[in-house]
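Tertiary structure, described
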Amino acid sequence: MKKILAVISPEKKFNLRFSDYLNKSAHFLYTAVPFVGIDDFLAFRNKRNCDIEAVVCDEVLLNDETERCLFGMKILRLSDGAEGGILKYQPAGELMCDVLRELSGAASVNTTDVNLRPTSVIGIFSPVPSPARTIASLMIARIVSARKKAVYLNLEEFPGLKGLEELNPACSLSDAVYLLRQGSLDGVSLGKYIYPFMGLEMMAPFETAEDLMSVSAEDIAAVVKILTTGTRCEIPVLDLPMSLSLSTELFEICDRIFVPAGKDDISREKVRELSSYLESVSGNRINDKLSIIRLPEGDDVFDIESQLNGQYGEYLKEILYSENRRNL
């Protein structure tokens, strides 16, 4: 039976998401259980006879009294960025790695099975509708594929990919989410949904806009998790939908988010408004992941091979692999 790791924070949404993320990891040897406060946790502990060995606790809840209540357990302090503790607002994969490192003395890490460097997830989102944005997304996936095993997922309402190359897959993301909800999606079945397209590997988009609108961010995050743990995929590249409500939630699982936009004043203002909105709902946590990139231009804008071998391709490579950014 797995031991319990208590995740205690006044932010209920954070607790639920992070606990769910931990529990879906094949490498995590605890069961993470979320609590919104110390009293909630103590009520659970007093009612159940279970082995709670460690606690991940928001620093705002820690004081002499609560630490006495947690006596005998390993306490991991979640910090908002101040010196010491585990940084709370960071990509879930990196947060999990920090927790694993802290717990390593408690034998929570299977060192023969775990690579403590998390899989990177790249997102592409833009408030500026443009077909050139799709070209930029495909090029990013192609460039990343040159170094890592990348899989491209187009999550747009109207992908338009058949305008570039014929695409007649037997299975799509609609099928993957259906199997997920039936509890029968695994790495083997998901691996069969990956197809060659435009010189890269991809999962076919949702069959209809209605299919996309019927899924949750949790559904898509679960598919991405199986993709990275059950197949050879190292870096999923998510072409995110225009739906801000869905994309904002998916921003949470992305390590980097590229925002293609034009040079005109309207495009700049749309990007500024996006950044302002994200700051209002998440502080700098999501904004810090954003990289604004220009759209491809010219008569050959839809010729991916020409763009890859030209100035725009070099421009993207420089941004993707610049020294001041996390190497892919």
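This structure is a prediction, so every number in the text was calculated from the model and none was measured.

Cut-offs and rules
- Residues numbered from 1 in each chain as written.
- Predicted model: local features only at pLDDT ≥ 70, side-chain atom pairs only at ≥ 80, totals over all residues.
- Heavy atoms only, no water.
- Helix = DSSP H or I, 4+ residues; strand = E, 2+ residues; numbered from the N terminus.
- Buried < 20%, exposed > 50% of the residue type's maximum accessible area, 1.4 Å probe, protein only.
- Areas by Shrake-Rupley, 256 points an atom, 1.4 Å probe, with all protein chains shown as cover.
- Polar contact = N/O pair within 3.5 Å; in protein donor to acceptor, adjacent residues only side chain to side chain.
- Core = buried A, V, L, I, M, F, W, Y, C linked by side-chain atoms within 4.5 Å.
- Pairing = 2+ DSSP bridges.
- Axes fitted to C-alpha atoms, helices over the stretch in contact; angles between N-to-C directions.
- Contact = heavy atoms within 4.5 Å.
- Phe/Tyr/Trp six-rings, centres within 6.5 Å; stacked < 30°, edge-to-face > 60°.
- Salt bridge = Lys/Arg side-chain N within 4 Å of Asp/Glu carboxyl O.
- pLDDT = per-residue confidence, 0-100.
- Left-handed = near helix turned anticlockwise from the far one by under 90°.
- Nonpolar A, V, L, I, M, F, W, Y, C, P; charged D, E, K, R; others polar.

**Regarding the overall build of the chain**
A count of helices and strands for the chain gives 13 helices and 12 strands. By residue count, 51% of the 328 residues in the chain fall in the buried class. Summed over all atoms, the accessible surface of the chain reaches about 15,900 Å², with 49% contributed by carbon and sulfur.

**Some thoughts on the side chain of Thr248**
With respect to the helices and strands, Thr248 occurs in helix H10 (residues 244-250). The exposure class assigned to Thr248 is buried, which follows from its relative accessible area of 17%. From its side chain, Thr248 meets the backbone oxygen of Leu244 in a polar contact 2.6 Å long.

**As for the nonpolar core**
Formed by 38 residues in total, the largest nonpolar core has its most connected members in Leu153, Leu155, Leu190, Met203, Leu227 and Leu238. Looking at this core, the elements that each hand over two or more residues are strand E7 (150-154), helix H6 (173-182), helix H9 (217-230), H10, strand E11 (256-261) and helix H11 (265-282). Looking at this core element by element, the count peaks at 6 residues for H9. Ile135, Met139, Leu161 and Leu316 belong to the second largest nonpolar core, which has 28 residues in total.

**Structural notes on the sheet that holds strand E12 (residues 290-294)**
Pairing within the open sheet is mixed, and its 7 strands lie in the order E8-E9-E7-E10-E6-E11-E12. Bordering the open sheet on either side are strand E8 (194-197) and E12, each of which pairs with just one other strand. Averaged over all neighbouring strand pairs, the angle between strand axes comes to 30°, with direction disregarded. Note that E7 and strand E9 (residues 200-203) share 2 bridges and pair parallel. Residue Leu153 lies in a different strand from E9, and its bridge partner there is Met203. Relative to strand E10 (residues 235-239), H9 is tilted by about 155°, and along the sheet it contacts E7, E8, E9 and E10.

**Some points on unusual backbone geometry**
Positive phi outside glycine occurs at Met198, with the angle close to 50°. By secondary structure assignment, the location of Met198 is in the loop between E8 and E9. A residue is classified by how much of its surface remains accessible, and Met198, at 16% relative accessible area, is buried.

**Focus on the packing of aromatic side chains**
One pass over the structure, following the stated rule, counts 5 aromatic pairs. Pairing Phe35 with Phe41 gives two aromatic rings, centres 5.4 Å apart and planes at 80°, and the pair type is edge-to-face. Both rings, one in Tyr312 and one in Tyr315, keep their centres 5.6 Å apart while their planes meet at 35°; by these two values the pair is tilted. Taken as a pair, Tyr312 and Tyr315 lie in helix H13 (residues 311-320) at a separation of 3 residues, close to a single helical turn.

**What to know about the sheet that holds strand E4 (residues 74-79)**
Strand order in this open sheet of 5 strands is E2-E1-E3-E4-E5, and the pairing throughout is parallel. Two strands in the sheet have a free side with no partner beyond their single neighbour: strand E2 (30-35) and strand E5 (86-87). Relative to E4, strand E3 (residues 52-58) runs parallel, the two sharing 5 bridges. Opposite Val56, over in E4, you have Leu76 as the bridge partner.

**Observations concerning the pattern of salt bridges**
In this structure the tally under the stated criterion is 14 salt bridges. A salt bridge links Lys149 to Glu201; the nearest nitrogen and oxygen atoms lie 2.7 Å apart. Of the two residues, Lys149 sits in the loop between helix H5 (131-145) and E7 while Glu201 sits in strand E9, which places them 52 residues apart along the sequence. Close ionic contact of Arg285 with Glu252 constitutes a salt bridge, the shortest N to O distance being 2.6 Å. Within this pair, whereas Arg285 is found in the loop between H11 and E12, its partner Glu252 is found in the loop between H10 and E11, the two being separated by 33 residues in sequence. Overall, the relative accessible area of 22% leaves Arg285 in the partly exposed class. A residue is classified by how much of its surface remains accessible, and Glu252, at 25% relative accessible area, is partly exposed.

**Thoughts on the confidence of the model for the chain**
Averaged over all residues, the pLDDT of the chain equals 83, while 89% of them reach at least 70. Here helix H4 (residues 92-103) stands out as the element of the chain with the lowest mean pLDDT, 77, in contrast to strand E6 (residues 122-124), whose mean of 95 is the highest. In this model, residues 105-118 is a region of pLDDT below 50 whose contacts with residues beyond four sequence positions or in other chains number 24 contacts. In the model, residues 323-328 has pLDDT below 50 throughout and makes 20 contacts with residues more than four positions away in sequence or in other chains.

**Considering the packing of H5 against H13**
Relative to each other, H5 and H13 sit at 60°, their axes nearing to 10 Å. At the point where H5 passes H13, the crossing takes the right-handed sense. For the pair H5 and H13, contact is made by Ala136, Met139, Ile140, Ile143 and Val144 and by Tyr312, Gly313, Leu316, Lys317 and Leu320, respectively. For the contact of H5 with H13, a count of residues per class yields 8 nonpolar, 1 polar and 1 charged.

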